[in-house]
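Observations on the three-dimensional arrangement
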Amino acid sequence: MTSETIISIFLGIGLAASAGFRVFLPLFVLSLSAYFNVINLADNWEWIGSIAALITLGVAMLLEVFAYYIPFIDNLLDTIAVPLAAIAGTAVMVSTVADLSPIVTWSMAIIAGGGTATLFKSASAGTRLTSSATTAGLGNPIVSTVETGGSFMLAIISIFIPILAIVLVIIMLLLIYWFYKKLRVRSN
């Protein structure tokens, strides 16, 4: 496995984690990066860098970001965003992984990309649900702002510094594990 392949895997996992916070934001960042030839996409995925994809993903991103600021719509969005995050995580992983056989690429995309995005989206949805229950939805705009900012920063870091992105993803996964382990102890 070449260093380019490893970096492309780190890029895909970083973008997949970002998709766990906002589904369309990392896809838009990926599209923008491909459009300006900052990154190379896998074969048959060059369309992501087209003007049509850039505009479509940009509009979808803006709608998603602003919809999360509408009370109770944000919780509804979380319900449908979990499977969408899995699809987006799989897509960004498959579109960025280089020099692997299709079976390995798709297996990795589904497990690492889709799994990472789903885990992050589930944790994010749990945070919003807790915020809704404890603040009657008044704290949700803060949660939304943090999620959007986190998604944007992680997507940018993934594009430009994929090694740092994978380190951040591992740290966030450890924090999620620690948090849920602590909750589990409290409930017993």
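In the block above lies the structure referred to throughout.
In this report, we go over the structure that sits alongside the text. No experiment lies behind these values; they were computed from the predicted model shown.

Once that is clear, we can look at the packing of aromatic side chains. Counted by the stated rule, this structure contains 4 aromatic pairs. Aromatic side chains Y35 and F36 sit 5.0 Å apart centroid to centroid with 85° between the ring planes, which places their arrangement in the edge-to-face category. Judged by its relative accessible area of 34%, Y35 is partly exposed. Among the residues examined, F36 registers a relative accessible area of 55% and is labelled exposed.

On to the environment of V92. Within the element layout of this structure, V92 appears in helix α4 (residues 73-96). Residue V92 is classed as buried on the basis of its relative accessible area of 0%. Sequence spacing of V92 and G12 is 80 residues, and the spatial spacing of their C-alpha atoms is 5.7 Å. Ignoring anything within four residues of it in the chain, the contact list for V92 reads G12, L15, A16, L27 and L30.

Looking at the element boundaries, T96 is found in helix α4. Residues in contact with T96, not counting those within four places in the same chain, are S8, L11, G12, L15 and L30.

Trans is the common state for peptide bonds, and a negative phi is the common state for residues other than glycine. Residues other than glycine seldom take positive phi values, yet F72 does so here, at roughly 70°. Along the chain, the position of F72 falls in the loop between α3 (51-67) and α4. Even without a glycine there, the phi angle at A136 is positive, about 55°. Relative to the elements of secondary structure, A136 occurs in the loop between α5 (102-135) and α6 (140-160). We classify A136 as exposed; its relative accessible area is 57%.

Another aspect to go through is α5. Look at α5: 47 Å from first C-alpha to last across 34 residues, which is about the 50 Å you get at 1.5 Å a residue. The largest bend along α5 measures about 30° and falls at A109. Count one or two residues on from α5 and you reach A136, which has phi positive near 55°.

Further remarks concern the nonpolar core. Generally speaking, a soluble globular protein has its nonpolar side chains buried in company with each other. Core analysis: the biggest nonpolar cluster contains 49 residues, and I13, L15, L30, L41, W45 and M93 have the highest contact counts within it. Looking at this core, the elements that each hand over two or more residues are α1 (3-19), α2 (24-35), α3, α4, α5, α6 and α7 (162-187). It is α4 that contributes the most residues to this core, 8 residues altogether. If we skip the residues at most four places from it in the chain, L41 touches L30, A34, E46, I48, G49 and S95.

Reading the values: rules and limits
Residues numbered from 1 in each chain as written. Predicted model: local features only at pLDDT ≥ 70, side-chain atom pairs only at ≥ 80, totals over all residues. Heavy atoms only, no water. Phe/Tyr/Trp six-rings, centres within 6.5 Å; stacked < 30°, edge-to-face > 60°. Buried < 20%, exposed > 50% of the residue type's maximum accessible area, 1.4 Å probe, protein only. Helix = DSSP H or I, 4+ residues; strand = E, 2+ residues; numbered from the N terminus. Contact = heavy atoms within 4.5 Å. Expected span 1.5 Å × (residues − 1). Bend = angle between axes of the 7 residues up to and from the residue. Core = buried A, V, L, I, M, F, W, Y, C linked by side-chain atoms within 4.5 Å.

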